[in-house]
Amino acid sequence: MLQLKAVVAGYGGGSVLRGVDLECAERTITCLVGPNGAGKSTVLRVISGLLVPTEGEIRMDGEPIGGRAPDEILRRGIAQVPQSHALFPAMSVQENVLMGGYLIRRDKKLLRERLDQVKQRLPIVAERARDHAGNLSGGQRRMVEIARCLMLDPRLVLLDEPSLGLDPRGLAGVAEVVQDLGRAGTTVLLVEQNVRLGLGLATHGVVMEGGKVRLTGTAAAVRDNPEIASLYLGGKVGDPSWTSESRPPSSTGDPGSPPTA
Ligand SMILES: Nc1ncnc2c1ncn2[C@@H]1O[C@H](COP(=O)(O)OP(=O)(O)OP(=O)(O)O)[C@@H](O)[C@H]1O
Ligand SMILES: [Mg+2]
């Protein structure tokens, strides 16, 4: 469904992505992991059109989309939930969610249908519809951000560090939403520093380092890879760059197990 081939991109002062190859098949959940600065968010940005690749190819359903405008990429069914969280705190939950339907704003019937669907999938949107988004907990905000991106009924959802800063309850909620996306047949590309959580939710895993993909495989194979296990899941868990910021290793017994809902 989505294919990146030898993608090179950066921010002016040299390349951050140095030839990235990546594929997401339809109805899979791919978890992209790697240290800070590896280029994970940059991969999502080139896919969603926020950054134009200088080399390489990005294809959706075989059609080149690299360098297309973000709204055109959205129309093709790719929606991103960015790492820096961007709800409008003084607006209501429902108003924030409706902004996700900007591209279909003229079709009031469709907009209403989508809002109803999103409320069914994420009950918080109905329960807190009139509350200011700024009054929600971190986990609730993350759900509203995901709800907002679902207004366009995307086929591919790009999620950047959805677990960041969340308490265990928030983590469980986000995990459930990702699983629900998978069950609904939505393809997900998930960036997660909480490696255990991310690979636990995913069908496939991709490890990036220094702007390149170092390893790909099924989530289980990546998780069980001895090098990955020692780097990301074992000995170096105390290194803060490998763990969720919300859960310093000293505060909990296990810094990254998928929470049980
Ligand atoms: N807007 C920007 N302008 C200039 N450089 C940037 C910008 N965004 C990211 N970078 C640089 O690009 C590199 C990769 O950043 P990116 O955000 O893709 O990494 P990441 O893997 O998502 O890291 P993290 O785990 O910290 O989120 C870093 O060296 C970063 O400093
Ligand atoms: Mg990032």
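Structural notes, computed from the coordinates. What you see is a predicted model, and the numbers here were worked out from it, not measured in a lab.

Using the criterion set out here, one finds zero aromatic pairs in the structure. Its end group placed over the ring of Tyr102, Arg105 keeps NZ or CZ at 3.9 Å from the ring centre.

With that out of the way, let us pick up the pairing of strand β1 (residues 2-10). Pairing of β1 with strand β2 (residues 15-24) involves seven bridges; the strand directions are antiparallel. When the bridges of β2 are listed, Leu2 appears paired with Cys24. Here β1 folds back onto β2, and the loop between the two strands holds four residues, one of which, Gly12, carries a positive phi near 110°.

Another point: the layout of surface pockets. Vacant regions in the atomic arrangement are exposed by a probe of water-molecule size rolled over the atoms. Estimates place the volume of the largest pocket at around 590 Å³. Leu74, Ala79, Gln80, Val81 and Pro82 are the residues nearest the centre of the largest pocket, which is lined by 26 residues in total. Those elements that place two or more of their residues in the lining of the largest pocket are α1 (40-48), α2 (70-75), β6 (78-81) and α6 (138-150). Each of domain 1 (1-77 + 157-245) and domain 2 (80-153) accounts for three or more of the residues forming the lining of the largest pocket. Roughly 450 Å³ of volume is contained in the second largest pocket. Every residue lining the second largest pocket is counted, 20 residues in all, and those nearest its centre are Gly139, Gln140, Met143, Arg169 and Gly173. Mapped onto the lining of the second largest pocket, the elements with two or more residues apiece are α5 (123-127), α6 and α7 (168-183). It is α7 that contributes the most residues to the lining of the second largest pocket, eight residues altogether. Tallied by class, residues from the lining of the second largest pocket come to seven nonpolar, six polar and seven charged.

This part takes up the environment of Leu158. Along the chain, Leu158 turns up in strand β7 (residues 156-160). What makes Leu158 buried here is its relative accessible area of 0%. Between the C-alpha atom of Leu158 and that of Leu190, which follows or precedes it by 32 residues, the distance is 6.0 Å. Those residues in contact with Leu158, other than ones at most four positions away along the chain, are Leu44, Ile47, Ser48, Ile78, Ala79, Gln80, Val81 and Leu189.

Once that is clear, we can look at unusual backbone geometry. Here the phi dihedral of Asp153 falls at roughly 50°; this positive angle occurs in a residue that is not glycine. Mapped onto the elements, Asp153 comes out in the loop between α6 and β7. Residue Asp153 is classed as partly exposed on the basis of its relative accessible area of 42%. One non-glycine residue, Glu161, lies in the positive phi region at around 50°. As for its placement among the helices and strands, Glu161 is situated in the loop between β7 and α7. Residue classification places Glu161 among the buried positions, given a relative accessible area of 2%.

One can find Asn96 in helix α3 (residues 93-99). According to the relative accessible area criterion, Asn96 is buried, its value standing at 0%. Once the C-alpha coordinates of Asn96 and Val125 are considered, the two residues, 29 residues apart in sequence, prove to be 9.8 Å apart. Setting aside its immediate chain neighbours within four residues, Asn96 contacts Leu87, Phe88, Met91, Ala133, Val144 and Arg148. Engagement of the side chain of Asn96 in a polar contact is seen with the backbone nitrogen of Phe88, the distance being 2.8 Å.

A few words on the pattern of salt bridges. For the coordinates displayed, the defined rule picks out eleven salt bridges. Of the charged contacts, one joins Arg59 and Glu57 as a salt bridge, the two residues approaching to 3.0 Å between their closest N and O atoms. According to the relative accessible area criterion, Arg59 is partly exposed, its value standing at 24%. For Glu57, a relative accessible area of 34% gives the class partly exposed. Between Glu145 and Arg142 there is a salt bridge whose closest N-O contact spans 3.5 Å. Placement of the pair is Glu145 and Arg142 together in helix α6, with a separation of three residues, close to one helical turn. Taken as a pair, Glu145 and Arg142 share a single burial class, namely buried.

So, how was this worked out
Residues numbered from 1 in each chain as written. Chains lettered and ligands numbered in written order. Predicted model: local features only at pLDDT ≥ 70, side-chain atom pairs only at ≥ 80, totals over all residues. Heavy atoms only, no water. Phe/Tyr/Trp six-rings, centres within 6.5 Å; stacked < 30°, edge-to-face > 60°. Lys NZ or Arg CZ within 6 Å of the ring centre and 35° of its normal. Pairing = 2+ DSSP bridges. Helix = DSSP H or I, 4+ residues; strand = E, 2+ residues; numbered from the N terminus. 1 Å grid on protein atoms, 1.4 Å probe; cavity = no way out; pocket = protein on both sides within 12 Å on 5 of 7 lines; lining within 4 Å. Points joined across faces, edges and corners; volume = space filled by probe spheres on them. Domains from an automatic or database assignment. Nonpolar A, V, L, I, M, F, W, Y, C, P; charged D, E, K, R; others polar. Buried < 20%, exposed > 50% of the residue type's maximum accessible area, 1.4 Å probe, protein only. Contact = heavy atoms within 4.5 Å. Polar contact = N/O pair within 3.5 Å; in protein donor to acceptor, adjacent residues only side chain to side chain. Salt bridge = Lys/Arg side-chain N within 4 Å of Asp/Glu carboxyl O.

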